[in-house]
Amino acid sequence: MSLFRLCEWLANTSGSIALHESRYVFLVVLTVHVLTLAVFAGTAVMIDLRLLGVAMMRVPASEVIGRLLPWSGAGLLVMMTSGALLFYAAPLARYENVFFRMKMAALALALLNVWLFQRTVYRRVGEWDADAVPPGAVRVAGGLSLLLWAFIITTGRMMAYQDYWFN
Amino acid sequence: MLLELCRWVQYSPPLVAMRGSPILFPIVATIHLMGLAVVGGSVLLVDLRLLGLGLRRQPVAVLARDADRWLFRGLVVMVSTGILLFMCFATKYYYLTFFWVKMAALCAVIAFTVSVRRRIIMGHEGGVSAASGRLVALVSLALWTTVALGGRYIGFP
């Protein structure tokens, strides 16, 4: 089954129609999705700023990551759940949305960046944990992460303009 | 009087141009959201610490000195982009109760942050979080949540 067919099938399920036609539930989910940004991206940005060596320079990097990542992860879970519901409410519109596609691609890259960071330079965190400004590879990971989340926020916001610009 | 001013701002040539542009408003709105991430992160850093969560091994005062610098930067971004967004549809916001709730909560939380919250942070001993610290964190988080909710609400069509 193609992705398009899958979205078409999803759009015709009763849950999707109910969510699409709901007066308040959809807006509540949308509000949760946007406001959780402050928790998820907020803590992620603070971690990235530490990796770049521009914030909390006297706090060991492993402590910043160890204490803030659970909050970021919990925020991400809420973002993904509410995001999945927003997708479910209008699968075909999302599927056709250029900005949605860019956002999902960037999300995959951002998560890949986190995974690579954990698998490589973070393995040797003991060597640079107390450095005010961490080594180049760490700063690249932090900077890349900031850029990708900024891009994800941008494309997420731009999804509202698909019709306005292209249809 | 205020309504007159809103109307004048909204229909002044630069704001008419901004409304007419298909790209300017979305970009300013996006930068406003990026500011939310920075403000959210720096507020949480200190408030979680006051609640005995997050970076709880760090002295609050040291953490706050750093976090408040980022809070200020985030606020500069949010307020300046927020003013632009407001000016685009000033007369619409003038009539929205939630806009005034948001502004009142914003003024309240800024006043609270630079007075009560700052005093508690500077007097905080670190280690076990005092009840006053927890209360300050809860008030701060409640006010910021009101600001954010107001922001989302006034954006609905």
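The structure under discussion appears in the preceding block.
Cut-off values and rules
- Residues numbered from 1 in each chain as written.
- Chains lettered and ligands numbered in written order.
- Predicted model: local features only at pLDDT ≥ 70, side-chain atom pairs only at ≥ 80, totals over all residues.
- Heavy atoms only, no water.
- Helix = DSSP H or I, 4+ residues; strand = E, 2+ residues; numbered from the N terminus.
- Buried < 20%, exposed > 50% of the residue type's maximum accessible area, 1.4 Å probe, protein only.
- Axes fitted to C-alpha atoms, helices over the stretch in contact; angles between N-to-C directions.
- Parallel < 35°, antiparallel > 145°, perpendicular 65-115°, else oblique.
- Left-handed = near helix turned anticlockwise from the far one by under 90°.
- Nonpolar A, V, L, I, M, F, W, Y, C, P; charged D, E, K, R; others polar.
- Phe/Tyr/Trp six-rings, centres within 6.5 Å; stacked < 30°, edge-to-face > 60°.
- Core = buried A, V, L, I, M, F, W, Y, C linked by side-chain atoms within 4.5 Å.
- Contact = heavy atoms within 4.5 Å.
- Buried area = accessible area lost by both parts, 1.4 Å probe.
- Salt bridge = Lys/Arg side-chain N within 4 Å of Asp/Glu carboxyl O.

J.: What's the story with the overall build of chain A in this structure? I'm lost.
T.: A count of helical and extended segments in chain A gives eight helices and zero strands. Each helix (α) and strand (β) of chain A, taken in turn from the N terminus, gives the series α-α-α-α-α-α-α-α. For chain A, the spread of C-alpha atoms along the three principal axes comes to 55 × 30 × 30 Å. Split into buried and exposed, the 167 residues of chain A put 43% on the buried side.

J.: Whenever I open this one, the packing of helix 3 (residues 24–50) of chain B against helix 4 (residues 60–88) of chain B confuses me. Can you help?
T.: When two helices pack together, their arrangement is given by the angle between their axes and by how far apart the axes lie. Residues and elements named next belong to chain B. Put simply, helix 3 and helix 4 touch, their axes get as near as 8 Å, and they point 155° apart. With respect to their mutual orientation, helix 3 and helix 4 come out roughly antiparallel. In the packing of helix 3 onto helix 4, the handedness of the crossing is left-handed. For the contact of helix 3 with helix 4, the residue count by class is 23 nonpolar, six polar and one charged.

J.: Explain the packing of aromatic side chains to me, please; I cannot follow it from the model alone.
T.: We describe a pair of aromatic rings using the distance from one ring centre to the other and the angle between the two ring planes. Residues and elements named next belong to chain B. For the structure shown, the criterion picks out 17 aromatic pairs over all chains. With a centroid separation of 6.4 Å and 75° between ring planes, the pair formed by tyrosine 153 and phenylalanine 156 is classed as edge-to-face. Exposure remark for tyrosine 153: the relative accessible area of 45% places this residue in the partly exposed category. Within the aromatic cluster, the residues linked to one another by ring pairs are Phe86, Tyr93, Tyr94, Tyr95, Phe99 and Trp100.

J.: How do you make sense of the nonpolar core when you look at a structure like this?
T.: Nonpolar side chains in soluble globular proteins generally cluster together in the buried interior. The biggest cluster of nonpolar side chains holds 61 residues, and the ones touching the most others in it are A:Met56, A:Phe117, A:Trp128 and B:Trp144. For this core, the secondary structure elements donating two or more residues are helix 3 (25–52), helix 4 (61–89), helix 6 (98–119) and helix 7 (136–158) of chain A together with helix 3, helix 4, helix 6 (97–123) and helix 7 (131–155) of chain B. With 10 residues, the single largest contributor to this core is helix 3 of chain A. Counting residues in hydrophobic clusters, the runner-up holds 13 residues, among them A:Tyr161, B:Phe25, B:Ala29 and B:Cys88.

J.: Could you clarify how one ought to interpret unusual backbone geometry in this entry?
T.: Note on backbone geometry: most residues besides glycine have negative phi, and most peptide bonds are trans. Residue and element names in this part refer to chain A. Non-glycine residue methionine 56 carries a positive phi angle of around 50°. If you trace the backbone, methionine 56 turns up in the loop between helix 3 and helix 4. In this structure methionine 56 comes out as buried when scored by relative accessible area, which is 2%.

J.: How should the interface of chain A and chain B be read in this particular structure?
T.: Many structure descriptions define interface size as the accessible area lost when the parts assemble. Contacts between the two partners involve 34 residues from chain A and, on the opposite side, 32 residues from chain B. Of the roughly 2900 Å² buried at the junction of chain A and chain B (both faces included), carbon and sulfur atoms supply 76%. Our count for the contact surface shared by chain A and chain B stands at one salt bridge. Where A:Glu63 meets B:Arg57, a salt bridge forms, and the shortest distance between an N and an O atom there is 3.6 Å. Elements with a contribution of two residues or more to the side of chain A that touches chain B: helix 3, helix 4, helix 7 and helix 8 (162–166) of chain A. The element that contributes the greatest number of residues to the side of chain A that touches chain B is helix 3 of chain A, accounting for 14 residues.

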